[in-house]
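For reference, the chains in residue letters:
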Amino acid sequence: MRTVRTERSRILSELLDRVDELADRAVAAMRAEIPAYDVQDAAFHADVREHVGRHYRIKLAVLLEERTVTFDDVAFTRRASMRRAQAGFALADYINAFRVGQQVFWEAIIEHAGGTYPGHEAALSLASALMRYIDFASTHAANTYVEFQQYAAAEAVRESRDLVEVLLAGELPTRGPQLAAAHAHGLGPDARTPLVVITAVLVGQDTAAAPRPGAEAEWKSASLAVTAAGTGAGGGTDARHAACAAIARTGVNGRRTLSVVRQAEIVAVAALGPGGDPEKLCDRLQEVQESLLAEGIVLAMGISTVVSGMVQIPRAYQEARAVLEFLPEDGGVAALPRISPFEYMALRADDTARHLVDPRITGLLDEDRARGGVLTATIREFASADLNLRAAAERLQIHHNTAQYRLRRIQARTGRNLRHITDLVDLLVAIALQDALPPGTNPGRKRLVSATNEGDGTADVTSHP
């Protein structure tokens with residue numbers, strides 16, 4: 001036993017004399033195994049070397065003194081953990097670097113143990129104490145890393161929320177952190193920067209509130225329900241934050257979308273950048289809405305027109321909120337970049353516009369819808385083909401004579417000649433108004449509007465047909 005203790009002291013003392021060499025070996029091993037460490041500069045590698053060397057010295061002192069490692073022993077790791085987290089290293093890479101350093105240390109123990117039986121036994125006697133040190137130190141390092149990440153994330157959320165409030169007020173960020181947050185999301189001072197605003201709310205059918213006195217007409221055309229999941233034990237809060245995080249990942253040109261939970265709604269600002277395609281962004285947001293739906297999160301999302309510069313954000317925000325009126329009660333995406341002015345006017349039309357449509361046209365379209373919509377499709381394709389009936393027939397995959405017969409039938413029923421622009425416009429307007437799905441014409445599909453109560457942080461909203 002005395003021989004083993006003597007050998008153990010010898011091994012540890014020899015390693016103590018070679019700490020700097022071992023630290024160099026550990027850094028080289030980390031660079032070979034961890035790409036994120038290898039690409040860093042010389043200053044970073046020097047910092048890692050100093051940190052590893054200090055770990056080795058503390059570890060050797062604990063082993064030589066045959067005592068238990070304490071928090072005071074490893075307190076120095078806190079700042080290193082924070083530096084790695086602040087630099088954006090993944091926790092897996094950080095812990096892997098810790099593992100590589102300990103592996104180099106253990107290999108050095110085996111090397112200095114030699115081939116003798118006492119040396120072999122001395123190395124084995126160190127294994128248990130070494131594992132306790134590794135477990136204690138790595139747990140402390142990981143906890144510090146996660147703690148700093150959580151703090152940094154909370155600070156980032158706070159700065160993002162403050163930035164959004166400033167932008168929605170029509171102001172430009174002036175404080176350092178807000179400017180940094182804006183820059184990180186591609187929002188600069190250039191008044192020509194193209195961007196869109198997105199607003200989203202959770203929707204459902206199980207909550208209700210009465211309309212304000214004297215606001216029946218407004219309430220009839222502007223209603224929304226908060227999803228039933230949001231009424232239980234924080235379910236709505238969790239769903240909103242999950243949706244907010246998903247929207248934040250939809251940026252273009254390598255930029256994340258600025259996205260925050262703002263009381264009962266989600267507000268996001270997406271900078272398109274040079275050559276940014278709003279259609280591509282709309283496609284990504286559509287994918288987000290569908291993926292969240294698969295997870296049981298029903299989202300209604302409105303997307304504004306493309307505006308120039310941060311000063312236009314308040315107007316874009318109002319557009320995004322207003323366009324939610326076009327969505328059914330089961331949610332979806334209403335994207336203004338995908339809507340033509342003609343379609344928008346039809347969507348915004350009131351009952352008076354529908355009453356102005358010739359009853360003969362309304363009767364034909366209603367009957368045609370019930371029979372599959374072939375006449376409506378013919379009108380659309382004829383207009384799309386610039387009044388070229390042969391081209392329209394090819395698109396419809398029907399004979400030219402069949403298309404001609406349909407035009408005559410439409411004229412006989414409505415009194416409109418599709419070759420006359422005024423008559424064709426009348427028909428297209430009637431179709432667009434029908435597509436807008438006004439209340440009462442399509443049972444089971446209702447219109448909704450963003451109606452969060454920003455005064456008290458609640459979302460007491462309901463839905464009506």
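Residues numbered from 1 in each chain as written. Predicted model: local features only at pLDDT ≥ 70, side-chain atom pairs only at ≥ 80, totals over all residues. Heavy atoms only, no water.

- Per an unreviewed UniProt entry, the recorded name for the chain is Helix-turn-helix domain-containing protein, and the organism is Actinomadura vinacea.
- For the chain, the Sequence similarities (unreviewed entry) comment in UniProt is given as "Belongs to the CdaR family." (UniProt positions renumbered as here; feature names shortened; annotations may be inferred.)

1. Section: the overall build of the chain
(1) Moving on: A tally of regular secondary structure across the chain gives 20 helices and 6 strands.
(2) Moving on: Within the chain, the proportion of its 465 residues that are buried is 44%.
(3) Moving on: Summed over its atoms, the accessible surface of the chain is roughly 23400 Å², and 53% of this surface lies on carbon and sulfur atoms. (Helix = DSSP H or I, 4+ residues; strand = E, 2+ residues; numbered from the N terminus. Buried < 20%, exposed > 50% of the residue type's maximum accessible area, 1.4 Å probe, protein only. Areas by Shrake-Rupley, 256 points an atom, 1.4 Å probe, with all protein chains shown as cover.)

2. Focus on the packing of helix 16 (residues 359–370) against helix 20 (residues 421–435)
(1) Moving on: At a closest axis distance of 10 Å, the pairing of helix 16 and helix 20 adopts a crossing angle of 55°. Between helix 16 and helix 20, the crossing angle belongs to the class labelled oblique. Seen from above, helix 16 lies across helix 20 with right-handed handedness. Facing Ile361, Leu365, Asp366 and Arg369 of helix 16, the residues of helix 20 in contact are Asp426, Leu427, Ala430, Ile431 and Gln434. (Axes fitted to C-alpha atoms, helices over the stretch in contact; angles between N-to-C directions. Parallel < 35°, antiparallel > 145°, perpendicular 65-115°, else oblique. Left-handed = near helix turned anticlockwise from the far one by under 90°. Contact = heavy atoms within 4.5 Å.)

3. Overview of empty space enclosed by the protein
(1) Moving on: Going through the model one piece at a time under the given rule, you end up with 2 cavities of 30 Å³ or more.
(2) Moving on: By volume, the largest cavity is sized at about 140 Å³.
(3) Moving on: Looking at the largest cavity, it is lined by 13 residues, and the ones nearest its centre are Met30, His51, Val52, Ala97 and Phe98.
(4) Moving on: Residue assignment for the lining of the largest cavity shows that the elements contributing at least two residues are helix 4 (42–65) and helix 7 (91–113).
(5) Moving on: Among the residues making up the lining of the largest cavity, the classes are represented as 8 nonpolar, 4 polar and 1 charged. (1 Å grid on protein atoms, 1.4 Å probe; cavity = no way out; pocket = protein on both sides within 12 Å on 5 of 7 lines; lining within 4 Å. Points joined across faces, edges and corners; volume = space filled by probe spheres on them. Nonpolar A, V, L, I, M, F, W, Y, C, P; charged D, E, K, R; others polar.)

4. Some remarks on the pairing of strand 4 (residues 299–303)
(1) Moving on: Most of strand 4 is tucked away, with 5 of its 5 residues classed as buried.
(2) Moving on: Of the two faces of strand 4, both are covered, the one formed by Leu299, Met301 and Ile303 as well as the one formed by Ala300 and Gly302.
(3) Moving on: Bridging between strand 1 (residues 194–202) and strand 4 involves 5 bridges; their strand directions are antiparallel. By the bridge assignment, threonine 199 is partnered in strand 4 with glycine 302.
(4) Moving on: In the sheet, strand 4 pairs with strand 6 (residues 332–335) via 4 bridges, with the strands oriented parallel. For alanine 300, the partnering residue across the bridge sits in strand 6 and is glycine 332. (Pairing = 2+ DSSP bridges.)

5. Thoughts on unusual backbone geometry
(1) Moving on: Although it is not a glycine, glutamate 66 sits at a positive phi angle of roughly 50°.
(2) Moving on: Look at glutamate 66 and you get partly exposed, because its relative accessible area is 47%.
(3) Moving on: Positive phi outside glycine occurs at glutamine 397, with the angle close to 60°.
(4) Moving on: Assignment of secondary structure puts glutamine 397 in the loop between helix 18 (389–396) and helix 19 (400–414).

6. Details of the pattern of salt bridges
(1) Moving on: According to the stated counting rule, one finds 30 salt bridges in the structure shown.
(2) Moving on: In this structure, arginine 10 and glutamate 7 form a salt bridge, with 2.8 Å as the shortest nitrogen-oxygen distance. A residue pair is termed a helical-turn pair when its members lie 3 or 4 positions apart in one helix, as arginine 10 and glutamate 7 do in helix 1 (residues 2–17) at 3 residues.
(3) Moving on: Note that glutamate 265 is salt-bridged to arginine 321, the shortest N-O span being 3.8 Å. Remark: arginine 321 occurs in helix 13 (residues 313–322) and glutamate 265 occurs in strand 3 (residues 265–271); sequence separation between them is 56 residues.
(4) Moving on: Taken together, the salt bridges that share partners define one network made up of Arg18, Glu21, Arg25 and Glu111. (Salt bridge = Lys/Arg side-chain N within 4 Å of Asp/Glu carboxyl O.)

7. Overview of the nonpolar core
Nonpolar side chains in soluble globular proteins tend to be buried together.
(1) Moving on: Counting residues in each nonpolar core, the largest one holds 42 residues, and the members touching the most others are Leu15, Met30, Tyr37, Tyr56, Phe105 and Ile109.
(2) Moving on: Those elements giving two or more residues to this core turn out to be helix 1, helix 2 (19–33), helix 4, helix 7 and helix 8 (117–168).
(3) Moving on: If one sorts the elements of this core by residue count, helix 8 sits on top with 10 residues.
(4) Moving on: Discounting residues that sit within four places of it in the chain, leucine 15 has contacts with Leu22, Leu60, Phe105, Ala108, Ile109 and His112.
(5) Moving on: Val196, Ile247, Ala268 and Leu292 belong to the second largest nonpolar core, which has 26 residues in total. (Core = buried A, V, L, I, M, F, W, Y, C linked by side-chain atoms within 4.5 Å.)

8. Topic: the side chain of threonine 193
(1) Moving on: Secondary-structure assignment places threonine 193 in the loop between helix 9 (176–184) and strand 1.
(2) Moving on: Classification of threonine 193 by relative accessible area gives buried; the value is 14%.
(3) Moving on: Not counting the four nearest positions on each side in its chain, threonine 193 is found in contact with Gly186, Gly188, Val307, Ser308 and Gly309.

9. What to know about helix 12 (residues 278–294)
(1) Moving on: Compared with an ideal rise of 1.5 Å per residue, which puts 17 residues at 24 Å, helix 12 spans 25 Å between its outermost C-alpha atoms and is within 8% of the ideal.
(2) Moving on: Looking at helix 12, one finds that the buried residues are Leu281, Cys282, Leu285, Val288, Gln289 and Leu292. Mapping the buried residues of helix 12 onto a view down its axis gives an arc of 115°, with all of them on the same face. Looking at helix 12, the residues exposed on the side facing more than 90 degrees away from the buried face are Glu287 and Ala294.
(3) Moving on: Once helix 12 ends, the next one or two residues include glycine 296, with phi positive near 85°. (Expected span 1.5 Å × (residues − 1). Arc of directions from axis to C-beta.)

10. A few points about the packing of aromatic side chains
(1) Moving on: Applying the stated criterion across every chain, the model contains 5 aromatic pairs.
(2) Moving on: Ring centres of tyrosine 37 and phenylalanine 44 lie 5.2 Å apart, and the angle between their planes is 80°; on these two criteria the pair is classed as edge-to-face.
(3) Moving on: For the pair tyrosine 56 and phenylalanine 105, a centre-to-centre distance of 5.2 Å together with 45° between the ring planes defines the contact as tilted. Of the two residues, tyrosine 56 sits in helix 4 while phenylalanine 105 sits in helix 7, which places them 49 residues apart along the sequence.
(4) Moving on: Residue classification places tyrosine 56 among the buried positions, given a relative accessible area of 1%. (Phe/Tyr/Trp six-rings, centres within 6.5 Å; stacked < 30°, edge-to-face > 60°.)

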